[in-house]
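These are the residues of each chain, in order.
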Amino acid sequence: ALFGGDVLVSGNLYIGSSKTAGTDDAPVLAIEEDATSEDALFKDRAGTEIFRIDASEDSLLMASTNRITFGDTSRGIRNDSSNLRMYGDTGVYLDSGNYIWLDADAGVVFFSDAGTNYLSVVQDGSGNAVLSSSVDTKDIILHGDDGAEVFRVDGDAKSLLMANAKKIQFQNSN
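The sections below set out a description of the structure shown in this document. The numbers attached to residues start from 1 for each chain and follow its sequence in the written order. With pLDDT at 70 or above as the cut-off, local features in this predicted model cover only qualifying residues; side-chain atom pairs require 80 or more to be listed or tallied, and sums for whole chains, interfaces and linings still use all residues. By convention in this description, side-chain values take in all heavy atoms of the structure and omit both hydrogens and water.

### Some points on the side chain of aspartate 54
Under the convention used in this document: Helix and strand definitions follow DSSP, with helices as H or I runs of at least four residues and strands as E runs of at least two, each counted in order from the N terminus. Residues adjacent in sequence count toward polar contacts only when both atoms are side-chain atoms; beyond that, a polar contact is any pair of N or O atoms within 3.5 Å, and within protein one must be able to donate a hydrogen and the other to accept it. By the convention used here, residues are in contact when the closest approach between their heavy atoms is within 4.5 Å.
Structurally, aspartate 54 can be placed in strand β4 (residues 49-54). Of note is the side chain of aspartate 54, whose polar atom sits 2.8 Å from the side chain of serine 56. Here glutamate 57 takes part through its backbone nitrogen, which lies 3.2 Å from a polar atom of the side chain of aspartate 54. With near-sequence residues (within four places) excluded, aspartate 54 lies in contact with Asp39, Ser59 and Leu61.

Next up, the structure:
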């Protein structure tokens, strides 16, 4: 059927051959109303909920661990039941015209590579910020804007090491 103008559907809308989920001619997509919550449920061919429009919150609610993908499956957002994960095949950028906040109620922010934590910023319970190497005997290295090392906190020796020909200067603020 071809419709020109508004279409009002009372009940459920099935797009495909049949309205029986799990059959060979099941609909590609079913949009059903949850009679209790009045949410609009979007289901796949097997009858599994993909997402819903949450009527009470005026929001989109993804089902379980389903992903939101952008362009292809290598870029997206997903919930793994305990964490919200953003992923990208070449990078994930956070860009703001003003501020970016990292707020962890546990007081710890980790930096990781391929699942291995290598740096943490911790609020120690007394309000102090603690920067720590998370890998045993590895260093924290600070570079200048030219990429040259200025100093490092040596994780093995537990000491501050200045790079060759670098110095610590103490100046009067006047």
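### Observations concerning the layout of surface pockets
Unfilled space is identified by rolling a water-sized probe across the atoms. This is how the line gets drawn: The way it works is a 1 Å grid over only the protein atoms, where trapped points that fit a 1.4 Å probe form a cavity and open points with protein on both sides within 12 Å along at least five of seven lines form a pocket, and then any residue with an atom within 4 Å of a point lines it. Grid points are joined across faces, edges and corners, and a volume is the space filled by probe spheres set on the points.
Here the largest pocket defines a volume of roughly 740 Å³. Around the largest pocket, the lining is made up of 14 residues, and of these Leu84, Arg85, Met86, Leu94 and Phe110 lie nearest the centre. Those elements giving two or more residues to the lining of the largest pocket turn out to be β8 (84-87) and β9 (108-113).

### Regarding the sheet that holds β8
Note the threshold: At least two DSSP bridges between two strands are required for those strands to pair. The axes are straight lines fitted to the C-alpha atoms, using for helices just the contacting stretch, and the angles between their N-to-C directions are given from 0 to 180°.
Sheet architecture is open: three strands sit in the order β6-β7-β8, paired in antiparallel fashion. Of all strands in the sheet, those bounded by a partner on one side alone are β6 (67-70) and β8. Taking each pair of neighbouring strands and ignoring which way they run, the sheet shows an average axis angle of 25°. Note that strand β7 (residues 72-79) and β8 share four bridges and pair antiparallel.

### Description of the pairing of strand β11 (residues 129-133)
In terms of strand pairing, strand β10 (residues 116-123) meets β11 through five bridges, oriented antiparallel. Residue glutamine 123 lies in a different strand from β11, and its bridge partner there is alanine 129. The hairpin turn running from β10 into β11, its antiparallel successor, is five residues long, and glycine 125 in that turn takes a positive phi close to 95°.

### What about the packing of aromatic side chains?
Worth spelling out the cut-off: Two rings from Phe, Tyr or Trp (for Trp, the six-membered ring) form a pair when their centres sit within 6.5 Å of each other. Planes less than 30 degrees apart are called stacked, planes more than 60 degrees apart edge-to-face, and all others tilted. For every residue, the accessible area obtained with a 1.4 Å probe (protein chains only) is divided by the maximum for its type, and the residue is called buried under 20%, exposed over 50%, and partly exposed between those limits.
For the structure on display, the rule yields two aromatic pairs. With a centroid separation of 4.4 Å and an interplanar angle of 15°, the aromatic rings of phenylalanine 42 and phenylalanine 51 are classed as stacked. Phenylalanine 51 sits in the partly exposed class, given a relative accessible area of 21%. Judged by centre distance (5.3 Å) and plane angle (50°), the ring pair of tyrosine 99 and tryptophan 101 falls under tilted. Looking at tyrosine 99, the relative accessible area reads 58%, which means it is exposed.

### Quick notes on the environment of serine 59
By the secondary structure assignment, serine 59 is in strand β5 (residues 59-62). Taking the C-alpha atoms as reference, serine 59 lies 9.9 Å from aspartate 39; in sequence the two are 20 residues apart. In contact with serine 59, not counting residues within four places along its chain, are Arg52, Ile53 and Asp54.

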